[in-house]
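Observations on the three-dimensional arrangement
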Amino acid sequence: MGPQELVQLVAETQKKKFEELIQAYRLTGITVTTPEPDITRVCWDTAHKGTLCEPYYMEIQHKETLRILRHSLPYFVPLETVSQTLLNTDFKKFVASMSEYLAAYVNRRQEIVMLQKKYSDILIGEVESSHAADFVQFQLKLQPESEQIIEAKLTYEQLTDIIPTKVRIKVLLRNSANASDVIVNTQDIKHYKECFHSMELTKAVGEIID
Amino acid sequence: MMEREIFRKILGRLRKDELRPVLQEWGHLGKRLHEIDFSHSKHSVHSYVVKGFMKNYPNGHPDAVGKLDLLCLQKHSAKRTWAVYHLKKEQDSPPNDVADPKEFEQRLRRELGVDFKKMELCVLQHEKALWVRICISKGSKTKPMLKNATYCVHFPHTPVLIVTNMKAATAESIKQAFVNVLDYDDIQDIRLTGRCVKSLAQLSLNKYSQGSFSQYRLNQVDLQPLSHGKKRKRTESEESITDPRIVFVNQKEKKQRLEILNDTFGPNPQPTLEKIEYKLETKFHGNHYAPGMRNHTGPFHCRVKFEGTSVIEGIKNLGKTELAVVPLPDHLAKVHSLAKNHFVLQDKTKANKSVQDSQT
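Here's what I pulled together on the structure shown here.

Calculation notes
- Residues numbered from 1 in each chain as written.
- Chains lettered and ligands numbered in written order.
- Predicted model: local features only at pLDDT ≥ 70, side-chain atom pairs only at ≥ 80, totals over all residues.
- Heavy atoms only, no water.
- Salt bridge = Lys/Arg side-chain N within 4 Å of Asp/Glu carboxyl O.
- Helix = DSSP H or I, 4+ residues; strand = E, 2+ residues; numbered from the N terminus.
- Buried < 20%, exposed > 50% of the residue type's maximum accessible area, 1.4 Å probe, protein only.
- Pairing = 2+ DSSP bridges.
- Axes fitted to C-alpha atoms, helices over the stretch in contact; angles between N-to-C directions.
- Contact = heavy atoms within 4.5 Å.
- Buried area = accessible area lost by both parts, 1.4 Å probe.
- Polar contact = N/O pair within 3.5 Å; in protein donor to acceptor, adjacent residues only side chain to side chain.
- Nonpolar A, V, L, I, M, F, W, Y, C, P; charged D, E, K, R; others polar.

1. Quick notes on the pattern of salt bridges
Residues and elements named next belong to chain B. Tallying each qualifying case throughout the model produces 21 salt bridges over all chains. In this structure, Lys 89 engages Asp 183 in a salt bridge whose closest nitrogen and oxygen atoms are separated by 3.8 Å. Taken together, the residues Lys 89 in the loop between strand E1 (82-88) and helix H5 (101-115) and Asp 183 in the loop between helix H6 (168-181) and strand E6 (186-194) connect sequence positions 94 residues apart. Given the relative accessible area of 23%, Lys 89 is considered partly exposed. A residue is classified by how much of its surface remains accessible, and Asp 183, at 35% relative accessible area, is partly exposed. Each member of the salt-bridge network shares a partner with another, and the members are Arg 13, Asp 69, Glu 120 and Arg 133.

Printed below as a string of structure tokens:
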């Protein structure tokens, strides 16, 4: 190997090392880089139960004040409201606030995905949800052969919530849209509501059917 | 009798292959849906549907027509022209948004019920948005007419409302109802219209991630930190030169042109807009071609309209095919991030600059 080839190899190895360092930096969840002299790029890497999900980005121009140029955050995150209060007063808090909204959204969304995957045999139809996953509606059988169906509507009043704040449960008989066709055990309904109010979605459903 | 005709008219908008899934989602036929032979002619299938419905509901059902109409519209929303409105809030308190379709319907019914005694209202969730059908009758004793229905699409937690077919007589009341339900202060037409609801939503909701930044929104740039290998960069496919006798002398310029266009528009398909209109109130600048206009000092009023199946894609192609000078001027290059398709272009004067500064 000639000297020029050796120099090139060393340069490539160093470049790879830096790239790996940046990737490791991303595991912290929030990465700040400077693609241009007056532009800062923030990257939020999201995860759910140890599995990495998608990243979100924001480019901020810093001249006299900080100004958001571009971002890929979901449209339901209240970016305008939060940035008006925090962007130019407490940047660290602003970044942390966005992180909270994104983490909560990914958590709610992935819980729905897990629910559909794990309990496909007792779910009736698809789990319906809003884009922000702050409203979730589904029907499930208590047992695979059971005629009784639970219809649950969960609302997360704040977009930073990962446990529903409002839970409505109806118990129905299969092929009947009328809740009054079923003799309802109020203790059971109370237990179902308590499960949804106290734990994440998939765990709550697991607790109910056990 | 009247209801039969309404059902036939609504069902007539669907293709034969769309009938079964829509009727299944409609849910008002129950077990009778399985008794219908969809291989028969459309007219026969419509008759079976109407008969089946009448047997299930001899006295009719208040929401059946509305729900079916809305489901059919969702399949063919591109047949109508939609306009985008922006809800505005002056105070600092957050708006009172709601994602539950039933709760939204109840609130809207209460608000509209103040002005209208007889109306049909239906709210359905479709593709993560709330689709609303409002049909208001002219008198208190007449039934609401199909042609008077107004359709709206609202994305929860956003100030965006996409509307079609709003009659002048009821427009203000409907707009005010949405302002009250969602706890905003005002509503404004943002001059963005088109036929593709998805594209209009994309332009108004994702205006800060269009162009080349769309790659970040669609997660096309970085791999996950723990994965190996490199993400393949999406680039425009280049023409392959198969004939060795052909020599391209401007490869460098072509490559530069494509790079600039890629930076401006990005490699992803552009949102679909059928029309972009520019109203010019600038001075006449073509004196070289029209010397007679040299003495014309006032603004030269003129309207330029770009029309087609996808105008933003067309503007990008103007640059690609060298029919336009690259880089394109801002009013063409940034159109994907401006969330409007009706523009007024004026000469830069001090007065205009202060108006522009107050609007940004």
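Okay, back to it.
2. Observations regarding the sheet that holds strand E2 (residues 119-126) of chain B
Residue and element names in this part refer to chain B. If you trace the six strands from one edge of the open sheet to the other, you get E2-E3-E4-E5-E1-E6, paired in antiparallel fashion. Both outer strands of the open sheet, E2 and E6, are each paired with one neighbouring strand and no more. Averaged over all neighbouring strand pairs, the angle between strand axes comes to 25 degrees, with direction disregarded. In the sheet, strand E4 (residues 149-154) pairs with strand E5 (residues 160-164) via four bridges, with the strands oriented antiparallel. Across the sheet, the residue bridging to Cys 152 is Val 163, located in E5.

3. What to know about the environment of Gln74(B)
Counting through the fold element by element, Gln74(B) comes out in helix H4 (residues 64-75). The contact partners of Gln74(B), leaving out residues within four places of it in the chain, are Leu124(B), His126(B) and Trp131(B).

4. Looking at the side chain of Arg107(B)
Residues and elements named next belong to chain B. Looking at the element boundaries, Arg 107 is found in helix H5. Residue Arg 107 is classed as buried on the basis of its relative accessible area of 15%. Filtering out sequence-adjacent residues up to four positions away, Arg 107 remains in contact with Asn 96, Val 98 and Val 181.

5. A few points about unusual backbone geometry
All names here are of chain B. Backbone torsion omega between Val 326 and Pro 327 reads 5 degrees, so that peptide bond is classified as cis. Here the phi dihedral of Asn 219 falls at roughly 60 degrees; this positive angle occurs in a residue that is not glycine. Phi at Glu 322 takes a positive value of approximately 65 degrees, unusual for a residue other than glycine. Mapped onto the secondary structure, Glu 322 falls in the loop between helix H10 (311-320) and helix H11 (330-333).

6. Let's talk about the interface of chain A and chain B
Accessible area lost upon the coming together of the parts is a frequently used measure of interface size. Between chain A and chain B, the contact holds 28 residues from the first and 24 residues from the second. Buried area between chain A and chain B, both sides added, is near 2,400 Å², and the carbon and sulfur share of it is 57%. Of all residues in chain A, Leu52(A), Tyr57(A) and Tyr75(A) bury the most surface against chain B, accounting for 25% of the area lost on that side. The interface formed by chain A and chain B holds two salt bridges in total. The salt bridge partner of Glu103(B) is Lys166(A), with a shortest N-O separation of 3.6 Å. On inspection of chain A and its partner chain B, the count reaches six residue pairs in polar contact (both at pLDDT 80 or more). Taken together, the elements giving at least two residues each to the side of chain A that touches chain B come down to helix H1 (3-26), strand E2 (39-48), strand E3 (51-62), strand E4 (66-71), strand E5 (123-129) and strand E8 (166-173) of chain A. Looking at the side of chain A that touches chain B, its residues break down into 11 nonpolar, six polar and 11 charged.

7. Some remarks on the sheet that holds strand E1 (residues 30-36) of chain A
All names here are of chain A. The strand order across the open sheet formed by four strands is E1-E2-E3-E4, and the pairing between neighbours is antiparallel. Looking along the sheet, the strands with just one partner apiece sit at the ends: E1 and E4. Pairs of neighbouring strands in the sheet enclose a mean axial angle of 30 degrees, with direction left out of account. Contacts from H1 reach E1, E2 and E3, with the element oriented near 135 degrees to E1. Lying on the sheet, helix H3 (residues 91-118) is in contact with E1, E2, E3 and E4; it crosses E2 at an angle near 30 degrees.

Read these as layout, nothing more, since geometry by itself doesn't imply function.
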